[in-house]
Amino acid sequence: MSEFIRGDGRKYDELRPIKIEAGVLERADGSAYLEVGGNKILVAVYGPRESYIRRLLEPNTGVIRCRYNMAPFSVDDRKRPGPDRRSSEISKITADALRPALMLENYPRSMVDVFIEVIEAEGGTRCAGITAASVALVDAGIPMKDIVVGCAAGKVDDRVVLDLSEKEDKEGQADVPIAMMPRTGEITLLQSDGDLSEEEFQQALALAVEGCKKVSKIQKDALKRKYATG
Ligand code: UDP
């Protein structure tokens, strides 16, 4: 089952080539740039800063807000600029995936803004966005319990595989994006789209967890490159 080679030459448990850089923007408090396969994603973090939106202000804790945005030129068919149902959903699940790692109780009446800009998209952007956002949050110096990491597995040609490309996502039968805190193993995002038996779902989940652990190392390497001294 593990011997077959995918359309793009990968094994079933192989990630697309991935690279991450921390601290790429001057004006943001924290930032990161990530490429995985054909995805190019830039993240800027601002805060914690005093909440400038009254209705979001919480007297006993800070709040995190995320905006996931796809550039009009990021996909083959021009994407209509501005928010839509998909980007609103991804913005929400991204904030939900990152929040458990942040010690926001230390920042009452404050907010952390995370801007995720997808410059080029090629499948798996929600997970890539979460992975890059975590690096940008660390770069902003925000205390965190763990560095959240995202990765997806799915089913293509009746086989469970890691990190679906756009082609695999479109032609495949299912996609299971997850995010987790690798230190504790706590899952902070779990979505499942398509048809999977219970056994296939368990296989996809296990594969996505292994994928997250590999991406986690690349996040840490990016931060070491930026901050290691001597
Ligand atoms: N996509 C696109 N146009 C859109 C939205 C998505 O071409 O308006 C592509 C893009 O490459 C994206 C992929 O479809 O990465 C899969 O989208 P999905 O909604 O499954 O989210 P993702 O896998 O990016 O988290």
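For the structure, see preceding data.
Details of the packing of helix α1 (residues 85-98) against helix α2 (residues 125-139)
Any two packed helices are characterised by how steeply their axes cross, that is the angle between the axes, and by the distance between the axes. Direction vectors running N to C along α1 and α2 enclose 45°, while the axes themselves pass 10 Å from each other. Our classification of the angle between α1 and α2 gives oblique. Considering the relative orientation of α1 and α2, their crossing is right-handed. In this structure, α1 contributes R86, E89, I90, I93, T94, A97 and L98 to the contact, and α2 contributes T125, R126, I130, A133, S134 and L137. Here the residues of the contact of α1 with α2 sort into seven nonpolar, three polar and three charged.

Considerations on the packing of aromatic side chains
Scanning the model with the defined rule gives one aromatic pair in all. With a centroid separation of 6.0 Å and 80° between ring planes, the pair formed by Y46 and F115 is classed as edge-to-face. With Y46 in strand β3 (residues 39-50) and F115 in strand β5 (residues 110-120), the pair connects residues that are 69 residues apart, well separated along the chain. Take Y46: its relative accessible area is 24%, and that puts it in the partly exposed class.

Digging into the environment of D157
Tracing the backbone through its elements, the reader meets D157 in the loop between β6 (149-156) and β7 (159-162). Sequence separation of D157 and E168 is 11 residues, and the distance between their C-alpha atoms is 9.1 Å.

Looking at α1
With 14 residues, α1 should reach 20 Å at 1.5 Å per residue; the first-to-last C-alpha distance of 20 Å fits that figure. Every buried residue belonging to α1 is among S87, I90, S91, I93, T94, A95, A97 and L98, and all of these are buried. Residues of α1 that are buried in the fold lie against β4 (63-70), β5, α2, β8 (174-181) and β9 (186-190).

Brief notes about the layout of surface pockets
Put simply, the largest pocket is a space of about 710 Å³. Listing elements by their share of the lining of the largest pocket, those giving two or more residues are β2 (30-36), α1, α2, β6, α3 (166-171), β8 and β10 (193-194). Here the residues of the lining of the largest pocket sort into 16 nonpolar, 10 polar and 12 charged. Of the voids in this model, the second largest pocket is the one considered here, and its volume is about 260 Å³.

Overview of the side chain of Q191
On the secondary structure map, Q191 appears in the loop between β9 and β10. A distance of 2.9 Å separates a polar atom in the side chain of Q191 from a polar atom in the side chain of R126. Dropping the residues within four chain positions of it, Q191 is found in contact with E89, I93, R126, D175, V176 and P177.

Comments concerning the state of the cysteines
Taken as a whole, this structure holds zero disulfides when the rule is applied. Free of any disulfide, C66 has its nearest neighbouring cysteine sulfur in C127, separated by 14 Å. Relative accessible area serves as the criterion here: at 14%, C66 is assigned to the buried category. Free cysteine C151: the closest other cysteine sulfur is in C212, separated by 5.3 Å.

Structural notes on the pairing of β5
Pairing of β3 with β5 involves nine bridges; the strand directions are antiparallel. When the sheet's bridge partners are listed, A44 is paired in β5 with F115. Handedness of the β4-α1-β5 crossover: left-handed.

So, the site of the ligand
In the vicinity of the ligand, the contacting residues are M70, V75, R86, A121, E122, G123, G124, T125, R126, E166, D169 and K170. G123 places a polar main-chain atom, nitrogen or oxygen, 2.8 Å from an oxygen atom of the ligand. Between an oxygen atom of the ligand and a side-chain N or O atom of E166, the distance comes to 2.3 Å. Coverage of the ligand by the protein amounts to 78% of the 510 Å² it exposes when considered alone. Applying the majority rule of atoms within 2 Å of the grid points places the ligand in the largest pocket. Taken together, the residues of the shell around the ligand sort by class into three nonpolar, three polar and six charged.

Reading the values: rules and limits
Residues numbered from 1 in each chain as written. Predicted model: local features only at pLDDT ≥ 70, side-chain atom pairs only at ≥ 80, totals over all residues. Heavy atoms only, no water. Axes fitted to C-alpha atoms, helices over the stretch in contact; angles between N-to-C directions. Helix = DSSP H or I, 4+ residues; strand = E, 2+ residues; numbered from the N terminus. Parallel < 35°, antiparallel > 145°, perpendicular 65-115°, else oblique. Left-handed = near helix turned anticlockwise from the far one by under 90°. Contact = heavy atoms within 4.5 Å. Nonpolar A, V, L, I, M, F, W, Y, C, P; charged D, E, K, R; others polar. Phe/Tyr/Trp six-rings, centres within 6.5 Å; stacked < 30°, edge-to-face > 60°. Buried < 20%, exposed > 50% of the residue type's maximum accessible area, 1.4 Å probe, protein only. Expected span 1.5 Å × (residues − 1). 1 Å grid on protein atoms, 1.4 Å probe; cavity = no way out; pocket = protein on both sides within 12 Å on 5 of 7 lines; lining within 4 Å. Points joined across faces, edges and corners; volume = space filled by probe spheres on them. Polar contact = N/O pair within 3.5 Å; in protein donor to acceptor, adjacent residues only side chain to side chain. Disulfide = S-S within 2.5 Å. Pairing = 2+ DSSP bridges. Right-handed = clockwise from strand over helix to strand, strands pointing away. Near = heavy atom within 4 Å. Areas by Shrake-Rupley, 256 points an atom, 1.4 Å probe, with all protein chains shown as cover. Sits in = over half its atoms within 2 Å of the grid points.

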